[in-house]
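So you can see what is in the structure, the chains are spelled out below.
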Amino acid sequence: EFDEALAAYRKAAALEPSPALEATIARVRERAREAALPGQYRAIPERPQATRGDLAALLGVRLTAPLGRAPQHQVVVTDVRGHWAESWIQIVARSGAMEVYPNYTFQPEAPLRRLGLADAVSRALAVLRPAAAVAAWDATALAVSDVPSEHLAYPAVRRAVASGVLRLDGGAFNLLRPVTGAEVVDVVARLTALAGARR
């Protein structure tokens, strides 16, 4: 009964404001917002294999305001109509935080691998953080045992790892390793913290 709880807490805060009550109101508001999201969204942490649509939904929900403030691009996406994450896919696509493929598809059900996650994190950082911070990460000397500096994925991996959003595993990145729902939730939480997101 989130609406009733919020009304009661707001009434109490009007009578006797306190930082503790404001924090409680914020927590209840957040829980109400999460409860209103589709079941597919709430199930992401339990998925053994996350998808591109899952990542788009997490980014769209957690970073709605900053992605909305970013310069917007006209995009054509032909394969997301009716998908449960369609509105969030549009948000991340228009902001440039995730790639729409040259054939105008997003492929929301495609399994997410570390390579795709690095690409999305790299793109999101470029959208969310000041150019100077991005340039500093891009200038970082980073040795990755399985992604040499001449590899096409190296710039995205370097930016994502240098920022602290993604991590190496014993010096390796494991580009093709599938990403679980719990992992993608953790990564988006770190990205959100780094972005200083305010919804």
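All values derive from a computational prediction rather than experimental measurement.

A.B. asks: Could you give me a rundown of the overall build of the protein, with the residues and numbers involved?
C.D. replies: For the protein, the count of helices and strands is ten helices and zero strands. Along the protein, from the amino end to the carboxyl end, the secondary structure elements read α-α-α-α-α-α-α-α-α-α. If one aligns the C-alpha atoms of the protein with their principal axes, the spans along those axes are about 65 × 35 × 35 Å. Going through the 199 residues of the protein one by one, you find that 44% of them count as buried. When contacts within the protein are restricted to residue pairs at least 6 apart in sequence, those whose partners lie at least 24 apart make up 71%. Of the side-chain charges in the protein, 24 are positive and 20 negative, and the distance between the mean point of each set is 4 Å.

A.B. asks: How would you explain the nonpolar core if you had to name every residue and give the values?
C.D. replies: Residues L55, F106, L117, L166, F173 and V184 are the most contacted members of the largest nonpolar core, which totals 55 residues. Beyond its immediate chain neighbours, meaning those up to four positions away, L117 contacts L55, L112, L166, V179, V184 and V187. The next biggest cluster of nonpolar side chains, apart from the first, holds five residues, and it includes L6, L21, I25 and V28.

A.B. asks: Could you give me a rundown of the packing of aromatic side chains, with the residues and numbers involved?
C.D. replies: Under the defined criterion, the tally for this structure stands at two aromatic pairs. Taking 6.1 Å as the distance between ring centres and 45° as the angle between the ring planes, the aromatic pair formed by Y41 and W88 counts as tilted. Linking Y41 in helix α3 (residues 39-42) with W88 in helix α6 (residues 86-95), this pair joins segments that are 47 residues apart in sequence. By the burial criterion, Y41 is buried, and W88 matches it. Measuring from centroid to centroid gives 6.3 Å for W84 and W88, while their planes differ by 65°, and the two rings are edge-to-face.

A.B. asks: Can you lay out the pattern of salt bridges for me, pointing to particular residues and giving the numbers?
C.D. replies: Applying the stated criterion across every chain yields a total of four salt bridges. The residue R123 makes a salt bridge to D119 at a minimum N-O spacing of 2.9 Å. One end of the pair is R123 and the other is D119, both in helix α7 (residues 114-128) and four residues apart, which spans about a single turn. Among the residues examined, R123 registers a relative accessible area of 30% and is labelled partly exposed. According to the relative accessible area criterion, D119 is partly exposed, its value standing at 25%.

Parameters and conventions
Numbering of residues starts from 1 in each chain and follows the order in which that chain's sequence is written. Thresholds applied to this predicted model are a pLDDT of at least 70 for local features of residues and 80 or more for the giving and counting of side-chain atom pairs; totals over whole chains, interfaces and linings are not thresholded and use all residues. The side-chain figures draw on all heavy atoms in the structure; neither hydrogens nor water molecules are used. Every helix listed is a DSSP run of H or I at least four residues long, and every strand listed is a run of E at least two residues long, numbered separately from the N terminus. Using a 1.4 Å probe on the protein chains alone, a residue whose accessible area is under 20% of its type maximum counts as buried, one over 50% counts as exposed, and one in between counts as partly exposed. The contact definition used throughout considers only heavy atoms, calling two residues in contact when any of these lie within 4.5 Å. When charges are counted, Lys and Arg are positive and Asp and Glu negative, with His and the chain ends excluded. The location of each charge is read from NZ of Lys, CZ of Arg, CG of Asp or CD of Glu. Nine residue types can take part in a nonpolar core, namely buried Ala, Val, Leu, Ile, Met, Phe, Trp, Tyr and Cys, and a core is a set of them joined through side-chain atoms within 4.5 Å. Aromatic rings from Phe, Tyr and Trp, with only the six-membered ring used for Trp, were paired whenever their centres fell within 6.5 Å, and each pair was classed as stacked if the ring planes differed by under 30 degrees, edge-to-face if by over 60, and tilted otherwise. Take a side-chain nitrogen of Lys or Arg and a carboxyl oxygen of Asp or Glu: if they are within 4 Å of each other, that pair is a salt bridge.

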